[in-house]
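Examining the three-dimensional arrangement
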Amino acid sequence: NVVIAIVDDAIDLDHEDLANNIFTNWTEYHGTEGVDDDLNGYVDDIMGWDPAGTYGGNDPDNDPFPKESATNSGGWAHGSHVAGILAATSDNEVGMASTVFNGKIVSVKTSWDFQSTDEPGISNGYDGILYAAKAGYYAGTFTIINNSWGGGGYSNSEQSVINTAHNTYGAVVVASAGNGSATGSEEQYETGYPASYENVISVCAIGCNGQWGGWASYHPTVDLAAPGESVYSAIIGNGYEFWNGSSMAGPNA
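The following paragraphs examine the structure supplied in this document. (Residues numbered from 1 in each chain as written. Predicted model: local features only at pLDDT ≥ 70, side-chain atom pairs only at ≥ 80, totals over all residues. Heavy atoms only, no water.)

Describing the overall build of the protein
Test applied: Helix and strand labels come from DSSP, where a helix needs a run of H or I of at least four residues and a strand needs a run of E of at least two; each type is numbered from the N terminus. Here the globule rule is a power law, 2.2 Å times the number of residues to the power 0.38, and the radius of gyration is based on C-alpha atoms. In what follows, residue pairs with any heavy atoms lying within 4.5 Å of each other are defined as contacts. The protein chains shown are the only cover counted for residues, whose accessible areas, like all others here, come from Shrake-Rupley with a 1.4 Å probe. Charged residues are defined narrowly, with Lys and Arg counted positive, Asp and Glu counted negative, and His plus the chain ends left uncounted. Where a charge sits is defined by one atom per residue type, namely NZ (Lys), CZ (Arg), CG (Asp) or CD (Glu).
Broken down by element type, the protein carries five helices and nine strands. Secondary structure of the protein in N-to-C order comes out as β-α-β-α-β-α-β-α-β-β-β-β-β-α. On C-alpha atoms alone, the protein measures out to a radius of gyration of 17 Å, which is about the 18 Å that the 2.2 N^0.38 rule sets for 253 residues. Projected onto its principal axes, the C-alpha positions of the protein cover 55 × 45 × 35 Å. If you take every contact in the protein between residues at least 6 apart in sequence, the share linking residues at least 24 apart comes to 68%. Carbon and sulfur atoms form 48% of the exposed surface of the protein, whose accessible area is close to 11000 Å². Within the protein, the 32 negative side-chain charges are centred at a point lying 5 Å from the centre of the 4 positive side-chain charges.

So, in structure tokens, the structure goes:
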């Protein structure tokens, strides 16, 4: 009954280490094509949702896979790497193991397809958070929502989405605190969003030895620290790589 949503660029739902842990919305699966059978506001969302679509978020659909031309280890593999940390299949003698043995992954694609093959941005993240919260709620449980992205300043409307996810749908919202500054201007001490909103668990990245590496964002709104250096996980196409970033710390937490 653990529903884990990855609000990200997308997930390779066919990956050998992820496929067995993909959430299925059985009401929609057994329902009528083209009909919102579970009345959650989303049509045919069997394995997740794509609020971003191709361009501008004006054409959302039920295809939460990465962009078809995406490279195996480029930016579009980000969601798959996060998903592996959260819920790769354990005890299957393949690739890696997650600490979650019965969790189910909901893919929420929030990057437009028209974006770069290698460096997609998160365009419809808060639409994705709202969908993710509803996914668990309408499945009769609740959702743990991972957001390995962020930036920008405070927004009342974004805080309202977080509040709705938390208060109305019972979601646990987790977000990566950030990767500090590439310019040395001490941005690691600055707040970022959604991590710094109320009702969000904010996670700072540390090394696997438990030490802060001098680069990851931390400040008074950070709640936890977790490994975010040289973390091994899935990428597109049944592969695996070691990655660094607070993006890895969030799902580890």
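With respect to the environment of Thr-54
Mapped onto the elements of the fold, Thr-54 is located in the loop between β2 (48-49) and α2 (78-87). With sequence-adjacent residues up to four places away left out, Thr-54 is seen in contact with Asp-59, Trp-112, Asp-113 and Phe-114.

Some points on helix α3 (residues 125-138)
Inclusion rule: Expected span of a helix, by definition, is 1.5 Å for each gap between consecutive residues, and there is one gap fewer than residues. Three exposure classes are used, based on accessible area relative to the maximum for each residue type with a 1.4 Å probe and protein chains only: buried under 20%, partly exposed in between, and exposed over 50%.
Over its 14 residues, α3 extends 20 Å from the first C-alpha to the last, a length consistent with the 20 Å expected when each residue adds 1.5 Å. Counting buried positions along α3 yields 10 of 14 residues, so the element is predominantly enclosed. All buried positions along α3 are accounted for by Gly-125, Tyr-126, Gly-128, Ile-129, Tyr-131, Ala-132, Ala-133, Lys-134, Ala-135 and Gly-136. Here the buried face of α3 lies against β1 (2-8), β2, β3 (104-109), β4 (142-147) and α4 (156-168).

Topic: the layout of surface pockets
Unfilled space is identified by rolling a water-sized probe across the atoms. Put simply, the rule reads: Site definitions follow a grid-based scheme: protein atoms alone, a 1 Å grid, a 1.4 Å probe that fits but cannot get out for cavities, and for pockets an open set with protein on both sides within 12 Å along at least five of seven lines, plus lining residues having an atom within 4 Å of a point. Grid points are joined across faces, edges and corners, and a volume is the space filled by probe spheres set on the points. Three classes are used, and their members are as follows: Ala, Val, Leu, Ile, Met, Phe, Trp, Tyr, Cys and Pro are nonpolar, Asp, Glu, Lys and Arg are charged, and the others, Gly among them, are polar.
The space that makes up the largest pocket amounts to roughly 310 Å³. Considering the residues around the largest pocket, the lining is formed by 19 residues, among which Leu-86, Val-100, Pro-251, Asn-252 and Ala-253 are closest to the centre. Secondary structure elements with two or more residues in the lining of the largest pocket: β1, α2, β4 and α5 (246-252). Looking at the lining of the largest pocket, its residues break down into 14 nonpolar, five polar and no charged. What the second largest pocket holds in volume is close to 260 Å³.

A few points about unusual backbone geometry
A cis geometry characterises the amide bond from Tyr-193 onward to Pro-194, with omega recorded as 20°. Relative to the elements of secondary structure, Pro-194 occurs in the loop between β5 (172-176) and β6 (201-206). Residue Asp-91 is not a glycine yet carries a positive backbone phi of 60°. In this fold, Asp-91 is placed in the loop between α2 and β3.

Description of the packing of aromatic side chains
So the rule is basically this: Only Phe, Tyr and Trp rings take part, Trp by its six-membered ring, and two of them pair if their centres are within 6.5 Å. Stacked means planes under 30 degrees apart, edge-to-face means over 60, and tilted covers everything else.
Here the structure, examined in full by the defined rule, presents 17 aromatic pairs. When the centroid spacing of 5.7 Å and the interplanar angle of 40° are considered together, the rings of Tyr-55 and Trp-112 count as tilted. Of this pair, Tyr-55 sits in the loop between β2 and α2 while Trp-112 sits in the loop between β3 and α3; the two residues are 57 residues apart in sequence, bridging distant segments of the chain.

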